[in-house]
Amino acid sequence: MATDTSSGFPCALTLNVPFPDARLASVALQALRVDKELSLLVKRDLSAVAAEGSSDPTVLRVEYKAATNRMLRVAVNSCLDSLALVLEVQEELDVDAVEKRRAQGKSR
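Report follows, based on the coordinates. Throughout, a residue's number is its position along its own chain's written sequence, starting from 1. Per-residue local features of the predicted model are confined to residues with pLDDT of at least 70, and side-chain atom pairs are confined, for both listing and counting, to 80 or more; whole-chain, interface and lining totals are unaffected and use all residues. Only hydrogens and water are removed before side-chain values are computed, so all heavy atoms of the structure are retained for them.

1. A closer look at the packing of helix α1 (residues 22–33) against helix α2 (residues 69–93)
- Angular values range over 0 to 180 degrees, each being the angle between N-to-C directions of two axes fitted as lines to C-alpha atoms, with helices fitted over their stretch in contact. Secondary structure elements are taken from DSSP: a helix is a run of H or I of four residues or more, a strand is a run of E of two residues or more, and numbering for both begins at the N terminus. Between α1 and α2, the shortest axis-to-axis distance is 10 Å and the interhelical angle comes to 135°. One way to sum up the angle between α1 and α2 is to call them oblique. In this structure, α1 meets α2 at a crossing whose hand is right-handed. Residue-level inspection shows Leu24, Val27, Ala28, Ala31 and Leu32 of α1 in contact with α2, the latter providing Ser82, Leu83, Val86 and Gln90.
- Note that Gly is not counted as nonpolar here; it falls among the polar residues with everything else outside the nonpolar set of Ala, Val, Leu, Ile, Met, Phe, Trp, Tyr, Cys and Pro and the charged set of Asp, Glu, Lys and Arg. Here the contact of α1 with α2 is composed, by residue class, of seven nonpolar, two polar and no charged. Here the angle decides the label: under 35 degrees means roughly parallel, over 145 means roughly antiparallel, 65 to 115 means roughly perpendicular, and every other value means oblique. In this scheme, a crossing is called left-handed if the near helix is turned counterclockwise away from the far one by less than a right angle; it is called right-handed if the turn is clockwise. Only heavy atoms enter the contact rule, under which two residues are in contact if any of them lie within 4.5 Å.

Rendered as C-alpha cells:
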C-alpha cells in the first residue's frame, strides 16, 4: 500500500488480476466500470494492461486512492465482491473460454 499525502488521498492500493485472454479482461473491465464509486473520498481507476512479456492486455488493473484506510478497505472489498461475480459468470456462461481451456487441457 502506497501513501501520497499531497493529493489528499494518502492511502492507495493497486490490484492486478490476470485473465486467460484479452477478451475476458476487457469484459471484466467493462462490467466493473459501470459501477461508480459512491464516496468522494475514494478514487478508482480501471484499465487493462499487458502482462510482463506480452503485448495483449490480459491483466485487469484496479488502482484505488482513498482518504482513509477504512474507506480504502470498504471500496476494495466491494470491488472484490463484484469481481468475484464477474469471474463466476464468465466461468459459467463464457462457452468460448471453457472450450479453449478444454482444448488446452487435451493438448498437454
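Right, picking up where we left off after that structure.
2. With respect to α1
- Here the expected length of a helix is defined as 1.5 Å per residue gap, with one fewer gap than residues. Spanning twelve residues, α1 covers 16 Å between terminal C-alpha atoms, matching the ideal 16 Å at 1.5 Å per step.
- All buried positions along α1 are accounted for by Leu24, Ala25, Ala28, Leu29 and Leu32. Buried residues in α1, looked at end-on, bunch into an arc of 140°, giving them a common side.
- As used in this structure description, the phrase polar contact means that two N or O atoms lie within 3.5 Å; if the pair is within protein, one of them must be able to donate a hydrogen and the other to accept it, and residues adjacent in sequence are counted only when both atoms belong to side chains. Measuring from the side-chain oxygen of the N-cap residue of α1 to the backbone nitrogen of arginine 23 gives 3.2 Å; that N-cap residue is aspartate 21. When accessible area is computed with a 1.4 Å probe and restricted to protein chains, residues below 20% of their type maximum are described as buried, those above 50% as exposed, and intermediate ones as partly exposed. Summarising the geometry, the arc corresponds to the directions from the helix axis toward the C-beta atoms.

3. Remarks on the environment of glutamate 63
- Tracing the backbone shows glutamate 63 in strand β3 (residues 59–66).
- Using a relative accessible area of 33% as the deciding quantity, one classes glutamate 63 as partly exposed.
- Spatially, the C-alpha atom of glutamate 63 lies 8.1 Å from that of lysine 43, the residues being 20 residues apart in sequence.

4. Topic: the pattern of salt bridges
- Any carboxyl oxygen of Asp or Glu within 4 Å of a side-chain nitrogen of Lys or Arg constitutes a salt bridge here. Throughout the structure, instances matching the rule amount to two salt bridges.
- Linking arginine 23 and aspartate 94 is a salt bridge whose minimum nitrogen-to-oxygen distance equals 3.0 Å. Placement of arginine 23 in helix α1 and of aspartate 94 in the loop between α2 and α3 (95–107) is noted, with a sequence separation of 71 residues between them.
- Assessed through its relative accessible area of 38%, arginine 23 is described here as partly exposed.
- For glutamate 37, the salt bridge goes to arginine 44, with nearest N and O atoms at 3.7 Å.
- Of the residues examined, glutamate 37 reaches a relative accessible area of 27% and is grouped as partly exposed.

5. Details of the layout of surface pockets
- The volume enclosed by the largest pocket comes to roughly 240 Å³.
- Looking at the largest pocket, it is lined by 15 residues, and the ones nearest its centre are Lys36, Glu37, Leu38, Ala75 and Ser78.
- Listing elements by their share of the lining of the largest pocket, those giving two or more residues are β2 (42–49) and α2.
- It is α2 that contributes the most residues to the lining of the largest pocket, six residues altogether.
- In terms of residue class, the lining of the largest pocket is made up of eight nonpolar, three polar and four charged. In the cavity and pocket records, a cavity denotes points on a 1 Å grid over the protein atoms alone where a 1.4 Å probe fits but cannot get out, a pocket denotes an open set with protein on both sides within 12 Å along at least 5 of 7 lines, and lining residues are residues with an atom within 4 Å of a point. Grid points are joined across faces, edges and corners, and a volume is the space filled by probe spheres set on the points.

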